[in-house]
Every structure is written in C-alpha cells, then in structure tokens.
Amino acid sequence: MTPSGRPAEPEVIWARPQRAGRGPRPAHSRDSIAAEAVRIADAEGIEAVSMRRVAAAVGAGTMSLYNYVPRKEDLYELMVDAVSGEYAFTAPTGDWRSDLLGLARQTRALMTRHPWLPRLLSPVYGFGPNALRYLEHSLACLTPLDVPDGEKLELVAAVNGTVATFVAAELALAERTRSLPWSEAAEQGVRMAWLGTRLATGEYPLLAAALTGGHPVAEAESDMGAVFDRSVSRLLGAWEPA
C-alpha cells in the first residue's frame, strides 16, 4: 500500500490526471508543489526535500500531499521537469556543434542555479514533458550530424555528463573558497609557490613544459567559460564522422 492508502503498483506520474473529471477543483497543483520543492532544494539541498516539508510549504497536510504526488520519486520527477522548463530553445542553425554548445551552456547555468539537479539526472526522472522537449530539440539540432539516431542520444548524454562533472567541480571549488579562513588568492599563491619548487627539481619535465607559457589553473580561474567551451567542443569533435 502507498502512504495514501492506494494499492502499490507501477505508475508514471504524468499518466495520472491532475484532477478527476468531477468534483471540486484541487486546492494545489503539480506546478505549485514542484516549485516549493525546488525552492527548498535550492536553499538547503536535495536532502532537505521531504513530503512533510513540501506539504507544509504549500499549506497541505502530509497525507493530503500524497493524493497529488504518490511517491517521493514522483516529487523528484516533478522537480526535474520544472527546472527543465527553464531552457530557452531557438531554431536550429544547421551548425550542430554550435547548437549543442549553446545548449550545454544553458545546462551549465541551469545546474549552477540548481546544484541538486545533477544528482537527479537519470532516465528515472528524465521523461517529463519539459525533459522530452529538451531531448526532441537536441535531436533537431543534431539533424545535420550523419550518425545513427541512437548515437545522437549517446552524444546528448555524454554532453550532459561532461557539464555535470564540470559544474560539480565549480561548486566544490566555490564551497571550499567559502570555508577558507583566508582569501582564495592567498591560498592559491602558497600552492603555486610550492608547485614551483617541485618543478624546479627537474623531476617533472613534461609537466613543467606543459605549464610553460601560461598556467592552466590561472586561466581557469580567470575564464572558466572559455575552459568549459573548449572542453565541450572537443567532446563534440569526437562525434564527427571520419
């Protein structure tokens, strides 16, 4: 049995009508429930999202909320789809690499606004209406790419995985910076000075040569956008037909 007393059985939240054909209008909507769950997750992390917290936020009893959202997994799916609606789609240009890079930039911004999102990115939570529109638009952008359709989906997944890894590193660095008892510049200065002493030993000639003429760490700090674009562009290049 589910918490609401209904028999437990496989169910897709999107297949359930938001309201019955007859009877009073529901006091709450999926959109309002998802919006409150997203607000809580943005402020406190995904761990803070519970049926009890969301019910209180929308002014409902916990058991009443189960009438709208039968399972916590359904709540997660509503959250993912809600933020997936933040994409701004434009008509494909015919340059699939440029179009996919543009989508990747939007995904980076989306994950930065909603740091919990990468943890919920899986086929389990990725088939709501907005998520499906994102996939359809991605495939439309990839129309000029001469590879099987299944590989196009692999490419979209690979790009999203790369973006999620990149954003996770950015968020971890930001969190570490906030926790330092001194400035990030002071921390980085000490680390770079120590690295310089190691390179001066001659034990790491390949690394020393790679760092000559420009420091990748310094570049990343000054223009993470350029590093991101280059990383995604190189991934996209791997899908070019030979």
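Conventions adopted
- Residues numbered from 1 in each chain as written.
- Predicted model: local features only at pLDDT ≥ 70, side-chain atom pairs only at ≥ 80, totals over all residues.
- Heavy atoms only, no water.
- Helix = DSSP H or I, 4+ residues; strand = E, 2+ residues; numbered from the N terminus.
- Areas by Shrake-Rupley, 256 points an atom, 1.4 Å probe, with all protein chains shown as cover.
- Buried < 20%, exposed > 50% of the residue type's maximum accessible area, 1.4 Å probe, protein only.
- Polar contact = N/O pair within 3.5 Å; in protein donor to acceptor, adjacent residues only side chain to side chain.
- Contact = heavy atoms within 4.5 Å.
- Phe/Tyr/Trp six-rings, centres within 6.5 Å; stacked < 30°, edge-to-face > 60°.
- Lys NZ or Arg CZ within 6 Å of the ring centre and 35° of its normal.
- pLDDT = per-residue confidence, 0-100.
- Expected span 1.5 Å × (residues − 1).
- Arc of directions from axis to C-beta.
- Salt bridge = Lys/Arg side-chain N within 4 Å of Asp/Glu carboxyl O.

## Some remarks on the overall build of the chain
Next, step 1: Counting its regular elements, the chain contains twelve helices and zero strands.
Next, step 2: Listed N to C, the secondary structure of the chain is α-α-α-α-α-α-α-α-α-α-α-α in terms of helices and strands.
Next, step 3: Carbon and sulfur atoms provide 58% of the accessible area of the chain, an area that totals close to 13800 Å².

## A few points about the side chain of His137
Next, step 1: Relative to the elements of secondary structure, His137 occurs in helix H7 (residues 129-141).
Next, step 2: Residue His137 is classed as buried on the basis of its relative accessible area of 12%.
Next, step 3: There is a polar contact of 3.4 Å between the side chain of His137 and the backbone oxygen of Thr90.
Next, step 4: Among residues more than four places away in sequence, those in contact with His137 are Phe89, Thr90, Pro92 and Leu103.

## Quick look at the environment of Val83
Next, step 1: Among the secondary structure elements, Val83 is positioned in helix H4 (residues 72-84).
Next, step 2: The sequence separation of Val83 and Ala34 amounts to 49 residues, and the corresponding C-alpha distance is 9.2 Å.
Next, step 3: In contact with Val83, other than residues within four places in its own chain, are Val38, Leu110, His114, Trp116 and Leu117.

## Quick word on the packing of aromatic side chains
Next, step 1: With the rule as written, the count across this model stands at three aromatic pairs.
Next, step 2: Taken together, a centroid distance of 5.8 Å and an interplanar angle of 10° make the contact between Tyr87 and Phe89 stacked.
Next, step 3: We classify Phe89 as partly exposed; its relative accessible area is 33%.
Next, step 4: By way of ring pairs, the aromatic residues Tyr87, Phe89 and Tyr134 are connected into one cluster.
Next, step 5: The ring of Phe228 is capped by Arg108, whose NZ or CZ atom sits 5.2 Å from the centre of that ring.

## Concerning the confidence of the model for the chain
Next, step 1: Residues with a pLDDT of 70 or more make up 87% of the chain, whose mean pLDDT is 86.
Next, step 2: Per-element mean pLDDT across the chain ranges from 54 in helix H11 (residues 216-222) up to 97 in helix H5 (residues 96-113).

## Quick word on helix H1 (residues 30-44)
Next, step 1: Taking 1.5 Å of rise per residue, the 15 residues of H1 would be expected to cover 21 Å, and the 21 Å separating its terminal C-alpha atoms lies within 8% of that figure.
Next, step 2: The set of residues buried in H1 consists of Arg30, Ile33, Ala34, Ala37, Val38, Ile40 and Ala41. With its buried residues spanning 165° around the axis, H1 presents them on a single face. Of the exposed residues in H1, the ones pointing more than 90 degrees away from its buried face are Asp31 and Ala43.
Next, step 3: Close packing links the buried residues of H1 with helix H2 (51-58), helix H3 (62-65) and H4.
Next, step 4: At the C-terminal side of H1, Gly45 shows a positive phi close to 100°.

## A closer look at the pattern of salt bridges
Next, step 1: Summed over the entire model, instances satisfying the criterion amount to nine salt bridges.
Next, step 2: One salt bridge connects Arg108 with Glu170, and the closest N-O pair in it is separated by 2.6 Å. In this pair, Arg108 is assigned in helix H5 and Glu170 in helix H8 (residues 149-179), connecting sequence segments 62 residues apart.
Next, step 3: Under the relative-accessibility criterion, Glu170 is labelled buried at 19%.
Next, step 4: Asp149 serves as the salt-bridge partner of Lys152, at 3.8 Å between the closest nitrogen and oxygen. Of this pair, Lys152 and Asp149 both sit in helix H8, three residues apart, which is roughly one turn of the helix.
Next, step 5: What makes Asp149 exposed here is its relative accessible area of 58%.

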